[in-house]
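Spelled out, the chains give:
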Amino acid sequence: MQTARRLYLYLMSGVTLGVLLSGAARILRVGLDQVGRSAPVVGGDDFVRSQLALAGAMILVGLPTWAIHWWIIQRSVATGRPQAETERRSIVRALYLALLLAGLLTWMAPEAHSLLSRLTEWVLGARGASRLDVVGPIAILATGSVAFAYHARVRVRDRTLAELSGAAAWLPRLYRYGAAFGGAMVGLLGTVALIDLASQVLAAGDVVLQPATWWVTPLAEGIAAMTIGGAIWASHGRYSARLGREPSSQISGEAASRLRTTYWLALVASGVIAVIVFGGNAIAQLVAQALGASPILDDLPANAPLWLKVLEPAMSAVPFAATGWVAFETIRREAGASFDAARLASVDRLRAGVPALIGLAYAGFAASNLVAVGIEVIFERRPRLGAEPWSGQVADLLPVLLLGGVFWALGWAVLQHERHRHEVLAARSTVRRAYLLLVLASAILSGVSASAVIGYHLLNIALGGGIPTGVIGELSGPIGAVAVALLLAIYHGIWLRRDLQLTDGRLMAPPAGAEAHEPARATVTLVLSGPPEADLGATLDRLRAQLPAGVHLDRTAPSGSDAKIVAGTA
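Residues numbered from 1 in each chain as written. Predicted model: local features only at pLDDT ≥ 70, side-chain atom pairs only at ≥ 80, totals over all residues. Heavy atoms only, no water.

A.B. asks: Can you lay out the overall build of the protein chain for me, pointing to particular residues and giving the numbers?
C.D. replies: Each helix and strand in the protein chain was counted, giving 17 helices and zero strands. Residues counted as buried form 40% of the 570 residues belonging to the protein chain. In the protein chain, 77% of the contacts between residues at least 6 apart in sequence involve partners at least 24 apart. When the accessible area of the protein chain is evaluated, it comes to approximately 30800 Å², of which 67% is carbon and sulfur surface. (Helix = DSSP H or I, 4+ residues; strand = E, 2+ residues; numbered from the N terminus. Buried < 20%, exposed > 50% of the residue type's maximum accessible area, 1.4 Å probe, protein only. Contact = heavy atoms within 4.5 Å. Areas by Shrake-Rupley, 256 points an atom, 1.4 Å probe, with all protein chains shown as cover.)

See below:
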């Protein structure tokens, strides 16, 4: 009953608030546009009069409806009310505030970008001043900012008056980290746009900085994207970091939250992808030059020097790579500050597994396409690569294979090193198991899909369809995909099987009859205890890893039980 009541109240509040804000922004826009004009509003322009009438109607309908419903909502969380704590911890309330703040930010951000872009163009003299370019964004920013500030204050007050947990805590947290990541991407893409513009100016050589030139609009848009995105990133990121440092019981919930870890890992992933894509493009320019392939130009003119073609994508990777590296270090520093060894180990696995998985995906894609190019060159008896368009494909794919392979090798080496040091503990880890299963599943699905294409063509030929022209080109891609998928599936499947055998105890169990040949050994009985939520098995694994050669630590059944002794397992 209470949930249905909350759903009704918050749904009506959200809808009517949207109507109210739209009307307020519309009437403010008309008012700003009429400032300084001689024509009267009432009885004047038909368009102005219709806009005022529409805005007034929206406000007259939206304001009282929203006010009544929101008053009922806020009365239920007022201090002293019997159900105030329950209402503040409501999932519906948390969802409403998260969606509302996200919607307001999405509404305002493009307008802020447009306003800043137009102002920058006016300062640089590229276009004349126009009321319509500013009054609309200003009206939306003014009304949206008031609503955003008010509801953000409501959320802060809820967090201050009640210890929030579960969905009531992570739903608004999802908004904050989602907004921070989105702002980071917008800001970084704006920076890349400015780097691209600078490269085009250098390539042109004779561009003179003067009003109304081609470079002003992309410059203004790049500055706006970098500024607005950076502001959203910084504001939400700093606020989340401040929450993690507050001396309250919510510290562990914020600083150690999975959403915060996911946020940092998403930034790491974006850095890895940017290095592979942009860095691969830079290396591709050199490979294309070496193979005599057609130049890979992107947005640069054909006569641009080679050093600029290499420098532009390389510099574009730098902002993403720097951000990813900061996230890579921050996530471990925060895990180390928690003094939780299990969490630190999990974070280290994630820092290795995420880049390895991304690198393997790019390297596998490039390898399968390179195999396809090789098949076409061999079976269609093409001349040397430099005389064929495939040289451009090789120039594009080879750097991706190289960089993706480097990220995979580095990440996989870390995971394998941990397994070498702590076999059982590493083999049992969720991160390692998820990594192996994801690779195995992706390889199988890719191989099955490609095999279906191959089977279709072969059956079509067998049923009398004949060998069509260009069949090598149609089969080369699927064959390359099957070959690479098979290699990946076999290699990672072997390691998955070994981990499963190790954690099941089959590799650690003594062979039949081994007890009769073992010499007498000194034995000391130890008792390992802890609270009910403690992972004694993991603790036992860590103790085993520190034992000297020849010394074993086995687990026995509790006294009085009928369970058998299991040697060397947790």
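A.B. asks: Go over the pattern of salt bridges, please, and point to the residues and values.
C.D. replies: Inspection of the entire model under this criterion finds 11 salt bridges. Across the pair arginine 351 and aspartate 348 runs a salt bridge, and its minimum N-O distance is 3.8 Å. Note that arginine 351 and aspartate 348 are positioned in helix H11 (residues 341-379) at a spacing of three residues, about one turn of the helix. Taking the relative accessible area as the measure of exposure, arginine 351 reaches 13% and is therefore buried. (Salt bridge = Lys/Arg side-chain N within 4 Å of Asp/Glu carboxyl O.)

A.B. asks: Which residues make up the side chain of threonine 323, and what are the values?
C.D. replies: Within the element layout of this structure, threonine 323 appears in helix H10 (residues 306-337). Beyond its immediate stretch of four places on either side in the chain, threonine 323 contacts Leu188, Trp233 and Leu267.

A.B. asks: Give a detailed account of the packing of aromatic side chains, specifying residues and quantitative values.
C.D. replies: This structure, assessed with the given rule, holds 12 aromatic pairs. Relative to tyrosine 263, the ring of tyrosine 177 has its centre 5.3 Å away and its plane inclined at 35°; by these criteria the two rings are tilted. Within this pair, whereas tyrosine 177 is found in helix H6 (residues 167-204), its partner tyrosine 263 is found in helix H9 (residues 258-291), the two being separated by 86 residues in sequence. Accessibility classification places tyrosine 177 together with tyrosine 263 in one group, the buried group. Using a relative accessible area of 6% as the deciding quantity, one classes tyrosine 263 as buried. An aromatic cluster is built from Tyr10, Trp66, Trp70, Tyr96 and Tyr150, whose rings are joined through pairwise contacts. Over the aromatic face of tyrosine 177 sits the side chain of arginine 176, whose NZ or CZ is 5.7 Å from the ring centroid. If you follow arginine 351 out to its NZ or CZ, it ends over the ring of phenylalanine 328, 4.0 Å from the centre. (Phe/Tyr/Trp six-rings, centres within 6.5 Å; stacked < 30°, edge-to-face > 60°. Lys NZ or Arg CZ within 6 Å of the ring centre and 35° of its normal.)

A.B. asks: So what's going on with a nonpolar patch on the surface? Which residues, and what values?
C.D. replies: There is a patch of nonpolar side chains on the surface, built from Leu202, Trp307, Leu311, Met315 and Val318 and spanning about 490 Å² of accessible area. Ranked by residues supplied to the nonpolar patch, first place goes to H10 with four residues. Residue position: valine 318 is located in helix H10. (Patch = residues over 30% accessible without salt bridge, like charges linked within 9 Å, V, L, I, M, F, W, Y side chains within 5 Å.)

A.B. asks: Mind laying out helix H2 (residues 46-76), listing which residues take part and the relevant values?
C.D. replies: With 31 residues, H2 should cover 45 Å at 1.5 Å per step; its first-to-last C-alpha distance of 45 Å lies within 8% of that length. Residues of H2 that are buried include every one of Val48, Gln51, Ala55, Met58, Gly62, Trp66, His69, Trp70, Ile73 and Ser76, and no others. (Expected span 1.5 Å × (residues − 1).)

A.B. asks: So what's going on with the packing of H11 against helix H15 (residues 471-504)? Which residues, and what values?
C.D. replies: Contact geometry for H11 and H15: axes closest at 8 Å, N-to-C directions at 135°. The angle between the axes of H11 and H15 places the two elements in the oblique class. When you trace H11 past H15, the crossing you get is right-handed. Residues Leu360, Gly364, Ala367, Ser368, Val371, Ala372, Ile375, Glu376 and Phe379 of H11 pack against Ile472, Gly473, Ser476, Gly477, Ile479, Gly480, Ala481, Val484, Leu488 and His492 of H15. Of the residues assigned to the contact of H11 with H15, the class counts are 11 nonpolar, seven polar and one charged. (Axes fitted to C-alpha atoms, helices over the stretch in contact; angles between N-to-C directions. Parallel < 35°, antiparallel > 145°, perpendicular 65-115°, else oblique. Left-handed = near helix turned anticlockwise from the far one by under 90°. Nonpolar A, V, L, I, M, F, W, Y, C, P; charged D, E, K, R; others polar.)

A.B. asks: Hey, could you go over H10 for me, with residue numbers and the actual values?
C.D. replies: Compared with the 46 Å implied by 1.5 Å per residue over 32 residues, the 47 Å span of H10 between its first and last C-alpha is a close match. The largest bend in H10 amounts to roughly 25° and is located at valine 318, with the proline proline 319 lying one to four residues further along. Following H10 by one or two positions, phenylalanine 339 has its phi on the positive side, about 55°. (Bend = angle between axes of the 7 residues up to and from the residue.)

A.B. asks: Explain the confidence of the model for the protein chain residue by residue, including any values.
C.D. replies: With 81% of its residues at a pLDDT of 70 or more, the protein chain has an overall mean of 82. Contacts from residues 506-518, a stretch scored under 50 in pLDDT, to residues over four places away or in other chains number nine contacts. Long-range and interchain partners of residues 557-570, a stretch whose pLDDT sits below 50, account for 22 contacts in this model, where long-range means more than four residues apart. (pLDDT = per-residue confidence, 0-100.)

A.B. asks: I'd love a proper account of the packing of H10 against H11, names of residues and values included.
C.D. replies: Packing of H10 against H11 brings their axes to within 8 Å, and their N-to-C directions diverge by 170°. Of the possible angle classes, the one that applies to H10 and H11 is roughly antiparallel. In the crossing of H10 with H11, the sense of the turn from one axis to the other is left-handed. Taken together, the residues of H11 that come into contact with H10 (itself represented by Phe328, Glu329, Ile331, Arg332, Glu334, Ala335 and Gly336) are Arg343, Leu344, Val347, Asp348 and Arg351. Looking at the contact of H10 with H11 residue by residue, the class counts come to five nonpolar, one polar and six charged.

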